[in-house]
Amino acid sequence: MVLPQDAEVRLNVLSAETGYSIGFLTAEMITRGMDDIEDYYLAIVVLERIRAGQERVYSSAELRRDLGLDD
């Protein structure tokens, strides 16, 4: 994997300043960033299904009614 130069510089500086290995910091970034990456890319998939008419979209009024919040 090739990192953009600015990211590589930041990673090297962080490693030097903290004493943590680049491998450790990289694993941390992957682990901590996985939730955000999953949310982002899975949302794109759902958005594409919505645009293609393959996903049901509910209005806030429908949700309130179906959940009994307007009672």
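Attention in this report is confined to the structure presented alongside it.

Basis of the calculations
- Residues numbered from 1 in each chain as written.
- Predicted model: local features only at pLDDT ≥ 70, side-chain atom pairs only at ≥ 80, totals over all residues.
- Heavy atoms only, no water.
- Helix = DSSP H or I, 4+ residues; strand = E, 2+ residues; numbered from the N terminus.
- Rg over C-alpha atoms; globule rule 2.2 N^0.38 Å.
- Buried < 20%, exposed > 50% of the residue type's maximum accessible area, 1.4 Å probe, protein only.
- Areas by Shrake-Rupley, 256 points an atom, 1.4 Å probe, with all protein chains shown as cover.
- Lys, Arg positive; Asp, Glu negative; His and termini not counted.
- Charge placed at Lys NZ, Arg CZ, Asp CG, Glu CD.
- Polar contact = N/O pair within 3.5 Å; in protein donor to acceptor, adjacent residues only side chain to side chain.
- Salt bridge = Lys/Arg side-chain N within 4 Å of Asp/Glu carboxyl O.
- Axes fitted to C-alpha atoms, helices over the stretch in contact; angles between N-to-C directions.
- Left-handed = near helix turned anticlockwise from the far one by under 90°.
- Contact = heavy atoms within 4.5 Å.
- Nonpolar A, V, L, I, M, F, W, Y, C, P; charged D, E, K, R; others polar.

## Quick look at the overall build of the chain
For step 1, the next point in the chain: Per the secondary structure count, the chain includes three helices and zero strands.
For step 2, the next point in the chain: The secondary structure elements of the chain, listed N-terminal to C-terminal, are α-α-α.
For step 3, the next point in the chain: Relative to the compact-globule value of 11 Å for 71 residues, the chain shows a C-alpha radius of gyration of 21 Å, a clear excess of over 25%.
For step 4, the next point in the chain: Its C-alpha atoms give the chain principal-axis dimensions of roughly 60 × 30 × 15 Å.
For step 5, the next point in the chain: The buried share among the 71 residues of the chain stands at 6%.
For step 6, the next point in the chain: Put simply, the chain shows about 6,300 Å² of open surface, and 57% of that area lies on carbon and sulfur atoms.
For step 7, the next point in the chain: Distance between charge centres in the chain, computed from 7 positive and 14 negative side chains, equals 8 Å.

## Topic: the environment of Arg 56
For step 1, the next point in the chain: Looking at where Arg 56 falls in the secondary structure, it is placed in the loop between helix H2 (22-51) and helix H3 (60-66).
For step 2, the next point in the chain: Reaching out from Arg 56, the side chain makes a polar contact with the side chain of Glu 62 at a distance of 3.0 Å.

## Description of the pattern of salt bridges
Close approach of charged atoms allows side chains with opposite charge to pair.
For step 1, the next point in the chain: A complete count under the given rule lists five salt bridges for this structure.
For step 2, the next point in the chain: A salt bridge links Arg 49 to Glu 55; the shortest N-O distance between them is 2.8 Å.
For step 3, the next point in the chain: Since its relative accessible area comes to 32%, Arg 49 is described here as partly exposed.
For step 4, the next point in the chain: What makes Glu 55 partly exposed here is its relative accessible area of 29%.
For step 5, the next point in the chain: In this structure, Arg 64 engages Asp 70 in a salt bridge whose closest nitrogen and oxygen atoms are separated by 3.4 Å.

## Focus: the packing of helix H1 (residues 5-18) against H2
For step 1, the next point in the chain: Where H1 meets H2, the axes come as close as 9 Å, and the angle between the chain directions of the two elements is 115°. Considering how the two elements wind past one another, H1 and H2 form a crossing that is right-handed. Judged by residue contacts, Leu 11, Asn 12, Leu 14, Ser 15 and Thr 18 of H1 engage Ile 22, Leu 25, Thr 26 and Met 29 from H2.
For step 2, the next point in the chain: Class assignment of the residues belonging to the contact of H1 with H2 gives a composition of five nonpolar, four polar and no charged.

## Regarding the side chain of Ser 15
For step 1, the next point in the chain: Mapped onto the elements of the fold, Ser 15 is located in helix H1.
For step 2, the next point in the chain: According to the relative accessible area criterion, Ser 15 is buried, its value standing at 14%.
For step 3, the next point in the chain: Ignoring sequence-local partners within four residues, the contact set of Ser 15 consists of Tyr 20, Ser 21, Ile 22 and Leu 25.

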